[in-house]
Each structure stands twice: as C-alpha cells, then as structure tokens.
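# Residue-level structure breakdown
Listed below are the residues making up each chain.
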Amino acid sequence: MSTSQVIQPTGERDPYKLGHGSERGAHGDVVAHVEATGHGEGGPASKRVIVGYGFWIFLLSDIVMFSSFFAAHSVLQTATAGGPSGRELFDPSRIGIETACLLASSFTCGLSAVATEARSQLWTQLSLLVTGLLGLAFLVLEVLDFTAMVGHGAGPQRSAFLSSFFAVVGCHGLHVTAGLLWLGTMMAQVFVKGFRANIMRRLLCFNLFWHTLDIIWVALFTIVYLMGVTR
Amino acid sequence: MSRLGNDRGADDVAPGFLDAADHSVREGIRGYLIGFALSVGLTIASFYVVGTHLIWPPAIPVALIVLAVAQIGVHLVFFLHLTTAPDNTNNILALAFGVLIMALVIGGSFWIMNHLNHNMMPAAQMMHMHR
C-alpha cells in the first residue's frame, strides 16, 4: 500500500474531528478521504457504524429485560418461604471459577477481534476456539450447580427467591448457550467465506454480544451471588 | 500491517471497531490487556470484600455496587470501545436511555415493593410494632 493514502496523525490535523469529510493539504487539494461518520458534510455513516448501532440498541433492550429480572430477584431475595437462603446455597469459590472462565473468554474474544482486524485466519479461529471452550466450561459449571441445587430440593418451585434466582441466572445461561451456537457458526463462516465485509460485521456483532454477556454476569455475581451470601 | 487502507483516526470509531488507521495489533492487544487486568483486579476485590472483616458489614453491599459499576465501566471502555468520539454519540445516547429505563425499572420496583411489604405486614409483626 502506498504511503500517500495514509494520514499522519500530526497536530495539523483537526484534533477534535470537527470537520469531517475530506482532509485538505496545504494547497487546498484533497490529500485523503476520511470515512463518512454521519455528521455534516461527512455524508451518511458507513454500514459498519449503522450495523453496530442497531445491534447495540438490541443489546440495550436485552439489558433492560435483564434489569426487570434483577428487580424481581432483588425484591424477592428474602422470600425464601422457610427454604434455603443464598447464604446456604452459594459457594463463592465456585462462583469465582465461573467468573474467571467468563472473564477470560471475554478477553480472548477481544483478541479474536484484533486477529480479525489483522485478517489472520489462524489466530481468529484459535482465539474464537478458546473463547468457546471457556464459555462451555462456564456453562458446564453452571449446569452442574443447577442440578446439584435441584437435587437438594432447592429447585425453582421451592420458594419465590429460588424461582427468581433460576429465572435470572438461567436467562443468562440461555444467552451464553445461544452465544456458543453463534460462535460456532461464525468460526465456520470465517473458515469458508473468509474476511468479507458482511462476515466482519457479523463478527463485530458477535463481539458486542459476548462482551455484553460478561457485563450482565458482573451485575449477576454482584447482586445475586455476593449480595446473597452477605445477606 | 498496521494500516489497512482505512483512514480513520484511532479514537474516531464506534464500539467494537478496531479497523482504524492507527490501531496496530500491538495496540489492540494492549488495550484488551489493560481492560482484562483492571476487571480481574475489580473482580478479586469484589470477592475479597465479601469475606473480609475490614469493612463495616452494612457497608458491604454499597462497596459491591461501587466495584460492579466500576467494572462495568471498564468493560464498556476497553471491551466495547465506547468512547466520546463523534461516531459514538448515538451509542452513548442509547446507553444513557437504557440506563434511565433500568433505573426506573429497578428503583421503581424497590420503591413500590417496600411500601407494599410495609402495608401487607403480618398482623403479629404489626402489633409488635405498635407496642
């Protein structure tokens, strides 16, 4: 690639990116075209920006849905109906391992975005694979937790507290399951179709989705588990 | 390889975007490493706070919420790449609206249910209060 297409980030360049559109050189000639960002003379935003924005709105609606589950759980946290409470059911070290799995998978997912940007098939596949395995480990641990709880008579039908617990944690688990299926699909698509523009946009959406699941898990382990243990 | 024919500034990108002009592989990995290290530290702090006797017990939930909000902020900045760039104005506004709705849903539920619990208090407990 020729160097003439590259803008050097010097002080002369509009530091706050107020003037969008074409960059002009000392003689007023267009030296480089800055991608339109949907502001003023920049013209309409690029498809990637629009797709990212649309998916971000979906994710926010998902987060709003989770917030109603969280509200229900917080309100019902003491409604144990004589059954086991969070202090008796939750083991912080186990939750710590699950958290570590999900956090590490979020990190490797970020690395896959870097590898995608570099158009590296090997590293993209490898980091997506590690992301998937860590997500799977998280899911297996969670399912083992659930079956143990149900086995000890602490299923969702035991009390309002446990109903809301299984609703909010189970909903997150379902999201992780869907994310794993999506991840497998993306690995196959990257392998077969390569780094085409539409595949890149799908990878962007998957990245946003996976990181958002980790954000929801942060709220989950704080409000449901750690606050449930201290209560 | 740091340049991929895309002439955007590194801080002029929407969430998840890494294809900006000045974003080399090393810088990308460094960003995720910083985010990962910060969130690991905040997670460990959260789990430590629960088991420790250093903090006055009634203040533990507040400490947990502060740590969680900090970690969510770290995730938004380092993993979702939410910045103050012009590209991101719409995303920030959407997030602000989402936070408003969440505050209404969660705060409103607490408010209503606390009043309801107070009004529906079992008779024995109510008598205990009046005594």
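Because the structure is a prediction, the values reported are computed rather than measured. (Residues numbered from 1 in each chain as written. Chains lettered and ligands numbered in written order. Predicted model: local features only at pLDDT ≥ 70, side-chain atom pairs only at ≥ 80, totals over all residues.)

## Observations concerning the overall build of chain B
Assigned secondary structure in chain B consists of four helices and zero strands. Tracing chain B from N to C terminus, the helices and strands come up as α-α-α-α. Taking the contacts inside chain B whose residues are at least 6 apart along the sequence as the reference set, 50% of them involve residues at least 24 apart. (Helix = DSSP H or I, 4+ residues; strand = E, 2+ residues; numbered from the N terminus. Contact = placed C-beta atoms within 7 Å.)

## A word on unusual backbone geometry
Phi is positive for A:Arg119, which is not a glycine, with a value near 55°. Tracing the backbone through its elements, the reader meets A:Arg119 in the loop between α3 (92–117) and α4 (121–151). Even without being glycine, B:His81 reaches a positive phi, approximately 55°. Residue placement: B:His81 occurs in the loop between α2 (60–79) and α3 (89–119). Given 26 C-beta atoms within a 10 Å radius, B:His81 is considered buried. (Buried ≥ 20, exposed ≤ 12 C-beta atoms within 10 Å, placed from the backbone.)

## A closer look at the confidence of the model for chain B
Residues and elements named next belong to chain B. Residues at a pLDDT of 70 or more form 75% of chain B, whose mean pLDDT is 81. The least confident element of chain B is helix α4 (residues 123–130), whose mean pLDDT is 61; the most confident is α2, at 95. Note on residues 1–8: pLDDT is under 50 here. Beyond four places in sequence and across chains, it has 25 contacts. Of the regions scoring below 50 in pLDDT, residues 18–22 engages in 25 contacts with residues more than four places distant in sequence or in other chains. Interface scoring of the predicted complex returns ipTM 0.79; its pTM is 0.81. (pLDDT = per-residue confidence, 0-100.)

## A closer look at the environment of A:Lys47
Residue and element names in this part refer to chain A. Structurally, lysine 47 can be placed in helix α1 (residues 47–76). Take lysine 47: there are 11 C-beta atoms within 10 Å of it, and that puts it in the exposed class. Along the chain, lysine 47 and glycine 110 lie 63 residues apart, while their C-alpha atoms are 21 Å from each other.

## A short note on the packing of helix α5 (residues 160–193) of chain A against helix α6 (residues 197–230) of chain A
Residues and elements named next belong to chain A. At their nearest, the axes of α5 and α6 sit 10 Å apart, and the two run at 160° to each other. One element, α5, and the other, α6, form an angle in the roughly antiparallel class. Where α5 crosses over α6, the handedness of that crossing is left-handed. A per-class count over the contact of α5 with α6 returns 18 nonpolar, four polar and two charged. (Axes fitted to C-alpha atoms, helices over the stretch in contact; angles between N-to-C directions. Parallel < 35°, antiparallel > 145°, perpendicular 65-115°, else oblique. Left-handed = near helix turned anticlockwise from the far one by under 90°. Nonpolar A, V, L, I, M, F, W, Y, C, P; charged D, E, K, R; others polar.)

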